[in-house]
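Below, each chain spelled out in residue letters.
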Amino acid sequence: NAGVTQTPKFQVLKTGQSMTLQCAQDMNHEYMSWYRQDPGMGLRLIHYSVGAGITDQGEVPNGYNVSRSTTEDFPLRLLSAAPSQTSVYFCASSYRTGVGKLFFGSGTQLSVL
Amino acid sequence: DAKTTQPNSMESNEEEPVHLPCNHSTISGTDYIHWYRQLPSQGPEYVIHGLTSNVNNRMASLAIAEDRKSSTLILHRATLRDAAVYYCILRDFANAGGTSYGKLTFGQGTILTVHP
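Conventions we followed
Along every chain, residues carry numbers that run from 1 in the direction the sequence is written. Each chain is given a letter, starting from A, and each ligand a number, starting from 1, according to the order in which they appear as written. Local features in this predicted model are restricted to residues whose pLDDT is 70 or higher, and side-chain atom pairs enter the listing and the counts only when it is 80 or higher, whereas totals over whole chains, interfaces and linings include all residues. Side-chain figures throughout are based on the complete set of non-hydrogen atoms in the structure, without hydrogens or water. The criterion for strand pairing is that DSSP finds at least two bridges linking the strands in question. Numbering goes from the N terminus for both helices and strands, where a helix is a DSSP run of H or I of at least four residues and a strand is a run of E of at least two. In this analysis, axes come from line fits to C-alpha atoms, helices being fitted only over the stretch in contact, and the angle between any two N-to-C directions falls in the range 0 to 180 degrees. Exposed residues in this analysis have more than 50% of their type's maximum accessible area, buried residues have under 20%, and partly exposed residues fall in between, with area computed by a 1.4 Å probe over protein chains only. Between two residues, a contact is recorded if the distance between any of their heavy atoms is within 4.5 Å. N or O atoms within 3.5 Å of each other form a polar contact, as long as, within protein, one can give a hydrogen and the other can take it, and as long as residues adjacent in sequence are counted only when both atoms are side-chain atoms. Here a salt bridge means any side-chain nitrogen of Lys or Arg lying within 4 Å of a carboxyl oxygen belonging to Asp or Glu.

(A) Region of interest: the sheet that holds strand β7 (residues 64-66) of chain A. Residues and elements named next belong to chain A. The strand order across the open sheet formed by 4 strands is β1-β3-β8-β7, and the pairing between neighbours is antiparallel. The open sheet has two edge strands with one neighbour each: β1 (4-7) and β7. The mean angle between the axes of side-by-side strands here comes to 20°, regardless of whether they run parallel or antiparallel.

(B) Spotlight on the environment of Ser71(B). All names here are of chain B. Looking at the element boundaries, Ser-71 is found in strand β7 (residues 70-75). Among the residues examined, Ser-71 registers a relative accessible area of 2% and is labelled buried. Remark: the alpha-carbon pair of Ser-71 and Thr-52, spanning 19 residues in sequence, is separated by 9.9 Å. Those residues within four positions of Ser-71 in sequence are excluded, and the remaining contacts are Leu-20, Pro-21, Cys-22, His-24, Ile-33, Trp-35, Leu-62, Ala-63, Ile-64 and Cys-88. Reaching out from Ser-71, the side chain makes a polar contact with the side chain of His-24 at a distance of 2.9 Å.

(C) Structural detail: the pattern of salt bridges. For the structure shown, the criterion picks out 5 salt bridges over all chains. Across the salt bridge formed by Asp38(A) and Arg36(A), the nearest N and O atoms sit 2.8 Å from each other. Accessibility expressed as a relative area gives 11% for Asp38(A), which makes it buried. The exposure class assigned to Arg36(A) is buried, which follows from its relative accessible area of 8%. With its nearest N and O atoms 3.2 Å apart, the salt bridge here joins Arg77(B) to Glu15(B). Of this pair, Arg77(B) sits in the loop between β7 and β8 (84-92) while Glu15(B) is found in the loop between β1 (9-13) and β2 (18-23), placing the two residues 62 residues apart along the sequence. As far as burial versus exposure is concerned, Arg77(B) and Glu15(B) are alike and both exposed. Linked by salt bridges that have partners in common, Arg36(A), Asp38(A) and Arg44(A) make up one network.

Spatial relationships are all this shows, so hold off on functional conclusions.
Here is the structure:
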């Protein structure tokens, strides 16, 4: 199993550009989520999904869109990148019940100039 | 989710035990205590969880106070690879299956430095 796979690992954008961060998991997890981590801070939840076709907002959703068309994939879209979105982004997945141990990807480091 | 309080940083020497404390005075009866750690330049990884009884696994031990208002993550013999940020998080299993169940609230965590 590959676990949670995030691409790309690094990305540099100019202000106003759009892009999609990819996240895929092969564990058949119902639950997937996106977090951002700014320097010296803990992780903050952006969006999450409890299954295909179902998404909801987390703590810091503004400027980001998500969709969940399959169980495996949960892409995060930046519609018009801003310098404030410079951060490290982590995707995570888990089963929806039980202990709900989260599995994280290795992250995408995004810089917006 | 109920709030947790951890020291900002701790230091240890290699091969010595490390006790990482966490206070959670507002914990509810249905909250699991979870610990995650984040190694430099990596995503967080699950370490251990518990409800009421002390727990052991290959990575660490979790000691839970009798009143459950605090817990301690124990690394029995710290190695340089244990240097990381350790997060103590509460998770309400009564919401298992619900839309909010996967939402973990991460605080600042404890930065553990291990000296050779």
